[in-house]
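Topology and contacts: notes
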Amino acid sequence: MSELNEHHPSKLHGIWALTNRELKKWYKAPVIFLLSIIQPIIWMGLLGKAMNIGAIFTGSSFPLPQLNPPLTPQQLQQLGGYFAGLQSSIMKGAFNTTDYFSFMAVGMIAFTALFTTMFSGMSIVWDRRLGFLNKALSTPVSRAVIIFSKVLSATLRSMFQAGLIIVIAIAFGLQFGANFNPLNILGVFAILFLVCVGLSSLFIAITIRSTRMETPMAVMNLINLPMMFASNAFFPTKFMPDWLQTIAKFNPLTYTTDAVRQLLIFNTDYAQLALDFTYVGIFAVIVATIGIVLSWRFLTK
Amino acid sequence: MSEEVIKTEGLTRVFNKHLTAVDHVNFSVKQGEIFGFLGPNGAGKTTTINMLITILKPTEGKASVLGFDIAKQDENVRNVIGVVPQEYTADEDLTGLENVLLCADLYGIPRDVAKKRAADLLKLVELTDFKDKKVQIYSGGMRRRLELACGLINRPKLLFLDEPTLGLDVQTRTATWDYIRKLKKEFGMTLFMTTHYLEEADALCDRVAIIDHGKIVVVGTPEELKHSLGGDIITLSIKDDPDVTELIRTVENVKDVKNENGSYRIKAEYGEVTAPFIIEALRRKGYTVTKLMLTEPTLNEVYLEYTGKSMRDTEESREAFRAQRITMRRARGG
């Protein structure tokens, strides 16, 4: 009746089946899917449009000194022009772009990548509790594939979200850099892929060990906001105190965000871009290796 | 292929360096039988099964499954076995069919073959009508059947069932037994199942092993085990309370008779055959039997005998394995 070893599946068989299982839970659940689309819109509306830093430096933001004799309309116009120039050069100096919304929207991409990666790995806690993990372990699927599929689904989800943010940001008025070219979008996805693979491997190594949702939640809450604000995602690091700058200098999100900015809104500095890619690449390789080895060791107990 | 589908030698698993869940276990399972692994919760059943299905590594000792070493050839083992876990592992967000196909993918079965098999299996477990419904709406029995279908997708030679009827109502439990019998008959499959329902082991298994505190206490067919206790117990009362001890003793197969306050406690082999002979013998001498009760030893008594304690488990199981009692009241002059 049953023939022995009738199929000779490749070492990587099942990776798409397991990844797709994760993704289905997301794209087949209309509420979750919708929320994951609405969330970045809200964030961008709140943070990007509410924190209108550029407006601080316009003429109307300053009470004009009462001069005697009063300024002529011509002088007022000149003064306004001076302020506008001042605003543009302050913004340019601080953010490397005159539009804070563009600056922040790109930071949002890294922010979303971080959050989505963290939370989408959490389903592994349920897989353990409900026994799905054990069932998968009892099939010929390799242990590595089980881990990779989790990493891959978290990464794909984050990248989809990030893509969505770019689209929404463009709709909200993202200003591209002078030498932007549509191919740069591919570069954005490349760097996001690297950082997501690294981060999700790490979080999966943490979550795979916990039997309760609370533990990974606590770990994530502890690290995700500090990681976000100790980076250049929302504010340039050069105005931070030294100690914070040092932290930001090691934070892979700083490099990710910078790379995305170089690609989308800055006048691309290719040397800096290469540094960003190298740093994030090395980070991804090291952290993914550690994460996958730790998960592997847990699964072959 | 050897006759022995599973063979363990000194299989041991220690957790956290001091908790010995499975302690030097030796047993073998023969081709084509249903082998029951019996014991209370925490006896080491699931740990043993997890080692055999290569989820857990043994701390000591070795075991072979279908000729493959569980430690060194774990991937080969996983290829040829089927596993129906204790939990409902099917993905609730997917449909029944999607779940079966997902299992097929995990075994690397090509899609066209998988689709055909999934259809056949869903038919076998009578879920064809529900195959496109999400598992969320499935009842406990349906989920159990779906797990069964998933476990069979790779056409295993050996199927592991971990507590296949845990938490099912009596009707569904009986239906599940029918599926298990059908599998054995139609596919000539060897089945290894754990249970803490003694009744289930008695009804299904060709051989059982009783495990307690990580050690195997006894192995044998349910009949052998029950027989090793020395037969059935017949309890009877007689009108006017004369002493008939010697008379009963002469009946064939009767091993022992005790008069306990006017009620006779008779130990006899093949109780259901012997009881009518006893009644007949008494009637010929003019005695009237007013009350008769036949108690067949169950695995519960076997368990009691070998471990010195009752199944430390739920009221429910005790209720279910209560001795089968037949009470007869003879109609006057009948």
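The rules behind these values
- Residues numbered from 1 in each chain as written.
- Chains lettered and ligands numbered in written order.
- Predicted model: local features only at pLDDT ≥ 70, side-chain atom pairs only at ≥ 80, totals over all residues.
- Helix = DSSP H or I, 4+ residues; strand = E, 2+ residues; numbered from the N terminus.
- Pairing = 2+ DSSP bridges.
- Domains from an automatic or database assignment.
- Axes fitted to C-alpha atoms, helices over the stretch in contact; angles between N-to-C directions.
- Contact = placed C-beta atoms within 7 Å.
- Nonpolar A, V, L, I, M, F, W, Y, C, P; charged D, E, K, R; others polar.
- Buried ≥ 20, exposed ≤ 12 C-beta atoms within 10 Å, placed from the backbone.
- pLDDT = per-residue confidence, 0-100.

**Some words on the overall build of chain B**
- Looking only at helices and strands, one finds 12 helices and 15 strands in chain B.
- Principal-axis analysis of the C-alpha atoms places the extent of chain B at approximately 75 × 50 × 35 Å.

**Examining unusual backbone geometry**
Residue and element names in this part refer to chain B.
- Unusually for a residue other than glycine, Lys-17 sits at a positive phi of about 70 degrees.
- Residue position: Lys-17 is located in the loop between β1 (4–15) and β2 (19–30).
- A positive phi angle is found at Asn-253, which is not glycine, with a value near 75 degrees.
- Structurally, the position occupied by Asn-253 is in the loop between α9 (245–249) and β12 (254–260).

**Let's talk about the pairing of strand β10 (residues 215–220) of chain B**
Residues and elements named next belong to chain B.
- Relative to β10, strand β9 (residues 207–212) runs antiparallel, the two being bridged by 5 bridges. Paired with Ile-210 across the two strands is Val-218, which belongs to β10.
- Joining the antiparallel neighbours β9 and β10 is a turn of 2 residues, in which His-213 adopts a positive phi near 50 degrees.

**Observations concerning the domain arrangement of chain B**
- Split into domains, chain B comes out as domain 1 (4–221) and domain 2 (226–328).
- Each of domain 1 of chain B and domain 2 of chain B was reduced to a C-alpha centroid, and the two centroids are 37 Å apart.

**Looking at the sheet that holds β1 of chain B**
Residue and element names in this part refer to chain B.
- Here 4 strands make up an open sheet; going across it, the order is β2-β1-β4-β5 and the pairing antiparallel. On the outer flanks of this sheet lie β2 and β5 (68–69), each paired with one strand and no other.
- Two elements, β1 and β2, share 8 bridges in a ladder whose sense is antiparallel. By the bridge assignment for β2, Phe-15 is matched with Leu-19.

**With respect to the sheet that holds strand β3 (residues 34–38) of chain B**
All names here are of chain B.
- Taken in spatial order, the 6 strands make up an open sheet running β6-β7-β8-β3-β9-β10, and their pairing is mixed. Each end of this open sheet is capped by a strand with a single partner; those strands are β6 (81–84) and β10. Taken over all neighbouring pairs, the strand axes of this sheet differ in orientation by 15 degrees on average, direction set aside.
- Sheet topology places β3 next to strand β8 (residues 190–195); 5 bridges connect them, and they run parallel.

**Observations concerning the domain arrangement of chain A**
All names here are of chain A.
- Taken domain by domain, chain A holds domain 1 (15–51 + 97–299) and domain 2 (52–95).
- Taking only C-alpha atoms into account, the centre of domain 1 sits 39 Å from that of domain 2.
- Domain 1 puts 9 residues into the contact, and the matching count from domain 2 is 8 residues.
- For the side of domain 1 that touches domain 2, the elements supplying multiple residues, two or more each, are α2 (30–50) and α5 (100–120).
- Residues that form the side of domain 1 that touches domain 2 fall into these classes: 5 nonpolar, 2 polar and 2 charged.

**A look at the environment of Phe-298 of chain A**
Residues and elements named next belong to chain A.
- Structurally, the position occupied by Phe-298 is in helix α13 (residues 270–299).
- For Phe-298, a count of 15 C-beta atoms within 10 Å gives the class partly exposed.
- With 93 residues separating them along the chain, Phe-298 and Ala-205 place their C-alpha atoms 8.5 Å apart.
- When neighbours within four sequence positions are excluded, Phe-298 is seen to be in contact with Ile-208 and Arg-209.

**Structural notes on the confidence of the model for chain A**
- When the pLDDT values of chain A are averaged, the result is 83; 92% of them are 70 or greater.
- Predicted confidence for residues 1–5 of chain A stays below pLDDT 50, and this span has 8 contacts to residues more than four positions away or in other chains.

**Quick notes on the interface of chain B and chain A**
- Opposite the 27 residues of chain B that make contact, chain A presents 27 residues.
- Every element with two or more residues in the side of chain B that touches chain A is listed here: α2 (74–80) and α3 (96–106) of chain B.
- With 4 residues, α2 of chain B is the single largest residue contributor to the side of chain B that touches chain A.
- Tallied by class, residues from the side of chain B that touches chain A come to 14 nonpolar, 4 polar and 9 charged.

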